[in-house]
Amino acid sequence: MPSPKSSWTLGEFDFELPAELIAQHPAPERSASRLLDATGPTPVDRVFRDLPGLLAPGDLLVFNDTRVIKARLLGAKASGGAVEALVERVLPGNEVLVHLRASKSPRPGSGVRFVSGDAVSSFDAEVLGRGGPDGSLFHLRFPGEPLALLERHGHVPLPPYITHADDAEDERRYQTVFAKHPGAVAAPTAALHFDEAVLAALSERGIGTASVTLHVGAGTFQPVRSENLAEHRMHSEWFEVAQPTVDAVARTHAAGRRVIAVGTTTLRALESAALPGALTAGARDTDIFITPGFEFRVVDRLVTNFHLPKSTLMMLVSAFAGHDKVMALYRHAIAQRYRFFSYGDAMLLDRAITAAPR
């Protein structure tokens, strides 16, 4: 049951994680990663390919079909100062919003030259000014279609806790097998464990699948700096829930079966689309901040990786499965040497908070 507390502090979502448990590379096989099954009275250590047997015929798995783009660019200003950019969002007219790191911020009207990984080819971007909801991003204009330029010149935007430079393995494995719509700068990591064999086993068992699209932004790694969670401003991400997914969810619940979100990004999309009171098709931005006490309307189970201490995702899973239970599961995972974060292992959680009426 949910805690009766009306407010939470940042420190309540902290834990000590040995650095060697932060996965730097994926498991040799996607579905060979470990799965902490937390759906029973005590946690059970499993392998991810066991997942189909833990679900029932008629259940519905919902995936995020976003595609990670090569959003990280390296280059220099006209003055020669080094620049590193991370494209957060592609806009019309060959324009983009980027996080930009430089010794001194470039001025509007100036140029930045981005160089490809082989340092043979490059392209010049124009700085238009600042942008984004709080003006923290830079607004650039590229000389051509941004996604094509990123594919040619960009790097895989690995999370900050992965210390190696991106390589061919990352191009393949920091992407889901069903990635479809380009736009994410971070992978929906819970879905990285699925391979064709697991998808086939789910189908054979009569478990349905559906998809949403949420373009994961770099804000997913943004730290919470306020001890009072009510003061934290959540980052915004674009998502779309199509009518066939809305219909599949309705059929699943009408039949008394469960909707299982694959990853926190899928959960954010579904619950954001249900904020009007019922799950509704459409596309928009969401800055939903899910903390304990949130009333879930759609998702019954969650497949998720292990998250950073004091992160908004720790708060989300604590809201979903219960704070005390999640903290106990993390202690178990650390003791059993699970691998953490984007390339790490997964767990399966049941919703502990009573849902709002559907």
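This report concerns the structure included in the present document.

About the cut-offs
Each chain carries its own residue numbering, running from 1 in the direction its sequence is written. Residues qualify for local features only when their pLDDT is at least 70, as the model is predicted, and side-chain atom pairs are given and counted only at 80 or more; totals for whole chains, interfaces and linings, by contrast, use all residues. As a rule here, side-chain values cover all heavy atoms of the structure and leave hydrogens and water aside. Strand pairing requires that DSSP identify at least two bridges connecting the strands. Secondary structure elements follow DSSP: runs of H or I no shorter than four residues count as helices, runs of E no shorter than two count as strands, and numbering proceeds from the N terminus. Here the axes come from fitting lines to C-alpha atoms, over the contacting stretch only for helices, and the angles between their N-to-C directions go from 0 to 180 degrees. We count a salt bridge whenever a side-chain nitrogen from Lys or Arg sits within 4 Å of a carboxyl oxygen from Asp or Glu. Each residue is placed in one exposure class: buried if its accessible area under a 1.4 Å probe, protein chains only, is under 20% of its type's maximum, exposed if it is over 50%, and partly exposed if it falls in between. When checking whether two residues touch, look at their non-hydrogen atoms; a contact exists if any pair is within 4.5 Å. Only centres within 6.5 Å qualify two rings of Phe, Tyr or Trp (six-membered ring in Trp) as a pair; their planes then separate them into stacked at under 30 degrees, edge-to-face at over 60, and tilted for everything else. Whether a charge sits over a ring depends on NZ of Lys or CZ of Arg being within 6 Å of the ring centre and within 35 degrees of the ring normal. Any angle from 65 to 115 degrees is called roughly perpendicular, while one under 35 is roughly parallel, one over 145 is roughly antiparallel, and all others are oblique. Helix crossings get a hand from a simple test, with the near helix turned counterclockwise from the far one by less than a right angle marking a left-handed crossing and a clockwise turn marking a right-handed one. Here, nonpolar core refers to any group of buried Ala, Val, Leu, Ile, Met, Phe, Trp, Tyr and Cys residues whose side-chain atoms link them within 4.5 Å.

In regular strands, side chains alternate between the two faces of the sheet. With four bridges connecting them, strand 1 (residues 34–37) and strand 2 (residues 44–47) associate as antiparallel partners. In the sheet register, Leu35 faces strand 2, and the bridge partner there is Arg46. If you look at the hairpin formed by strand 1 and strand 2, you'll find six residues sitting between the two strands.

Strand order in the open sheet formed by nine strands is 2-1-17-16-14-3-12-13-15, with mixed pairing between adjacent strands. Two strands lie at the open edges of the sheet, namely strand 2 and strand 15 (282–286), each paired on one side alone. Averaged over all pairs of adjacent strands, the angle between their axes in this sheet comes to 25 degrees, without regard to strand direction. Summarising the sheet, strand 13 (residues 237–241) and strand 15 pair through five bridges and their orientation is antiparallel. The residue of strand 15 that forms the bridge with Phe239 is Arg284.

Bringing the pattern of salt bridges into the picture now. Under the counting rule described, the total for this entry stands at 15 salt bridges. Between Arg258 and Asp59 there is a salt bridge, with its nearest N and O atoms 2.8 Å apart. On the criterion of sequence distance, the pair formed by Arg258 in the loop between helix 5 (243–254) and strand 14 (259–262) and Asp59 in the loop between helix 1 (51–54) and strand 3 (60–64) is long-range, its members being 199 residues apart. We classify Asp59 as buried; its relative accessible area is 2%. For the salt bridge of Arg141 with Glu95, the shortest nitrogen-to-oxygen distance reads 3.4 Å. Taken together, the positions of Arg141 in strand 10 (residues 137–141) and Glu95 in strand 7 (residues 95–102) put the pair 46 residues apart, joining distant regions of the chain. In this structure Arg141 comes out as partly exposed when scored by relative accessible area, which is 33%. On the basis of relative accessibility, which here comes to 17%, the residue Glu95 falls in the buried class. Linked by salt bridges that have partners in common, Lys70, Glu151 and Glu171 make up one network.

Bringing the environment of Leu302 into the picture now. Among the structural elements, Leu302 can be located in strand 16 (residues 301–305). Residue classification places Leu302 among the buried positions, given a relative accessible area of 0%. For the pair Leu302 and Thr266, spaced 36 residues apart in sequence, the C-alpha separation works out to 9.3 Å. Those residues in contact with Leu302 that sit more than four places away from it in its chain are Ile260, Ala261, Gly263, Thr264, Leu267, Leu316, Val317, Phe320, Met347, Leu348 and Leu349.

Turning next to the packing of aromatic side chains. On inspection of all chains with the given rule, the structure shows 18 aromatic pairs. On the numbers, 5.7 Å between centres and 65 degrees between planes, the contact of Phe306 with Tyr338 is edge-to-face. Taken as a pair, Phe306 in the loop between strand 16 and helix 7 (312–321) and Tyr338 in the loop between helix 8 (323–335) and strand 17 (346–350) lie far apart in primary sequence, 32 residues in all. For Tyr338, a relative accessible area of 0% puts it in the buried group. Here the aromatic residues Phe15, Tyr161, Phe306, Tyr330, Tyr338, Phe340 and Phe341 are joined through ring pairs into a cluster of three or more. Over the aromatic face of Tyr338 sits the side chain of Arg34, whose NZ or CZ is 3.9 Å from the ring centroid. A cation sits over an aromatic face here: Arg130 above Phe138, 4.1 Å from the ring centre.

Here we take up the sheet that holds strand 5 (residues 72–77). Taken in spatial order, the six strands line up as 5-6-7-10-9-8 and close into a barrel, and their pairing is antiparallel. Mean inter-strand twist for the sheet, computed between neighbouring axes without regard to direction, equals 45 degrees. Here strand 9 (residues 122–131) runs beside strand 10; their pairing, made up of five bridges, is antiparallel. For Glu126, the partnering residue across the bridge sits in strand 10 and is Arg141.

Turning our eyes to something else, we now look at the packing of helix 6 (residues 264–273) against helix 7. The geometry of helix 6 relative to helix 7 is characterised by a closest axis approach of 11 Å and an angle of 65 degrees between their N-to-C directions. The angle between helix 6 and helix 7 falls in the class roughly perpendicular. As helix 6 runs across helix 7, the sense of the crossing is left-handed. For the pair helix 6 and helix 7, contact is made by Thr264, Leu267 and Arg268 and by Leu313, Leu316, Val317 and Phe320, respectively.

Quick look at the nonpolar core now. In this structure, Tyr174, Leu267, Phe340 and Leu349 are the most contacted members of the largest nonpolar core, which totals 68 residues. In terms of residue count, helix 7 provides more of this core than any other element does, seven residues in total. Membership of the second largest hydrophobic core comes to 21 residues, among which are Val87, Val112, Val127 and Leu140.

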